[in-house]
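Structure assessment
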Amino acid sequence: MDLGTYDYAVVGAGIVGAASALELCRRAPKARILLIEKEDAPARHQTGRNSGVVHTGAYYKPGSRKAQLCREGLLRTKHYCEAKGLKYETRGKLLVATNDQEKARLGNLTDRACQNGVTVQELSLADLTSLEPNIAGCAAVRLPDTAIVDYSQIARSLLEDFVANGGTFLPSTTLIGIDSRHGKTALNTQRGMIGCEHLVVCGGLQSDRIIRMAGLVCDVKVVPFRGEYYRLPERKSKLVKHLIYPVPDPNLPFLGIHLTPMIDGSITVGPNAIISFARERYSKVSFNSADCREMALFAGFWRSLAKHPFAIANEIRSAVSKRYYLKQVQKYCPKVELRDLCQYVAGHRAQIVHPDGRLEDDFLFRSQDRMTFVLNAPSPAATSAMPIAQEICERILG
C-alpha cells in the first residue's frame, strides 16, 4: 500500500521528534511533512518516563552541545509553556554534599556551572537549614532556575501544533525498512510504503538499529539503562520545596538518586541506573532475548562494565535491596523511611556506548545522503528538544 510521498519524514514522536517536525513546518511552510510513530500515541518511552525536570545545564562539559542546547532549552521550554498555557514551576535545585569528597566535587561542579553561564548560589549550612529543614549535608549550592514540568504534555502540544500547521501524523506505524539507493528515500512500514526527500530519525532507544536499517555503518550501540523510581506518600508531599540532588560522580553520566517535586504535587525518589534486559519493556523482570543477545555480542558493552565495576555493583545493590536504595536517600534526607517508598513507573535511558566502552557524554547527530539521525539524546534532551530541533533543521535547510 502506498502511503504517499513527502518532502520530509520524521521518525519518532517523542518530544525531540515532535519538536523537529514542528520546526520543519515553521521553516518550510509549503512542504509536505510527515511524522510517524510506532506506538498509538506520542511520548510513550523516554519522554513520558522521566522526572519532568527542566535542567539548567550546570553539569555538562563547557562548550559541549549539552551545555549549549540545555541552557537555551531551559528558556525556550519555559517560554513555550507560558505561550501555550502549560503548567510549569521554577522550584530551584539544591545540590547537597554529604562528605568531604562530595564537597570537593561540589566546588568543581560550581566552577563548571559558572563557565556554562548558569546562575549558582552558594549556601551556608544555616541557609540550607532555612531553605530545606528536612535536608542534611555539609555543603550545598542552589540552582535557582531549575523547573519542573510534564514533558508528555509538552510533546502532545507540539504534536497538536504540528498538525495545525499542516503536518501529517501517523501513529501505530512501525518502520521495518529504509531504502535510499535511488535518489529518494523509501520507508517500508507495516502499513505500507512512504516516500520522502529528506528523512529525520529521532529513534531514542532504537536509534542505532534504525541507522543500520538505512544501510549506514555505525560502530556504536544503544545500551538501555533502567531507572527505577519511587513516589512518596501524600502525607510527605511537602517534605521538600526544591529538587534535592546528590553531588554526581563526574566519571558517570548519571546524576544519582534524587528527590523531585512533580508538577502533579507529588514527590518522586530516584532513579538508580542499572542495565535493562529489554529496551522498551518496563517491568522489573522484563527480558528480551534479541536485546540481550545484541548487548552480549558487543565488545563495548563488556568494556564499559569493566570501566565502572564499583558503580555498577552499587546500582545493582540498589535495585535488589529497597533498604540500600533508601540509604542513598537518607544520606541527605533522613526523614524518608522505608514505608515511604511507594512503587512508581520505571524509565529507560538510551545510552550510546562506543566500541572501546566509553559512554557517549554528549548529544550525537549524524547526517548522510539526505538523512539525519539523532543517535544519542538522553537527559537533558527533553529540556533541549526545541534547540535540538533547530539544529536538525539547520543541518537540513542550511
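So, here's what we can say about the structure. Source: prediction; values computed, not measured. (Residues numbered from 1 in each chain as written. Predicted model: local features only at pLDDT ≥ 70, side-chain atom pairs only at ≥ 80, totals over all residues. Heavy atoms only, no water.)

**Quick look at the state of the cysteines**
- Considering all chains together, one arrives at 0 disulfides under this definition.
- Among the cysteines around Cys196, which has no disulfide bond, Cys202 carries the closest sulfur, lying 13 Å off.
- When its relative accessible area of 1% is taken as the criterion, Cys196 is described as buried.
- Free of any disulfide, Cys202 has its nearest neighbouring cysteine sulfur in Cys393, separated by 9.8 Å.
- On the accessibility criterion, Cys202 (10% relative accessible area) is buried. (Disulfide = S-S within 2.5 Å. Buried < 20%, exposed > 50% of the residue type's maximum accessible area, 1.4 Å probe, protein only.)

**A word on the pairing of strand 12 (residues 192–201)**
- With respect to burial, strand 12 is a largely interior element, 7 of its 10 residues being buried.
- Of the pairings in the sheet, the one linking strand 1 (residues 2–11) to strand 12 comprises 7 bridges and is parallel in character. Bridge assignment links Val10 to a residue of strand 12, and that residue is Val200.
- Relative to strand 12, strand 11 (residues 185–189) runs antiparallel, the two being bridged by 5 bridges. Note on strand 12: the bridge partner recorded for Thr189 is Gly192.
- Linking strand 11 back to strand 12 in an antiparallel pair, the connection comprises 2 residues.
- Relative to strand 20 (residues 371–376), strand 12 runs parallel, the two being bridged by 3 bridges. Counted as the bridge partner of Val200 is Thr372 from strand 20. (Helix = DSSP H or I, 4+ residues; strand = E, 2+ residues; numbered from the N terminus. Pairing = 2+ DSSP bridges.)

**Observations concerning the pairing of strand 19 (residues 364–368)**
- Where strand 19 meets strand 20, 5 bridges bridge the pair, whose relative direction is antiparallel. Directly across from Ser367, in strand 20, lies its bridge partner Thr372.
- Between strand 19 and the antiparallel strand that follows it, strand 20, lie 2 residues; Asp369 among them carries a positive phi value of about 50 degrees.

Limitation: the analysis is restricted to geometry and does not speak to function.
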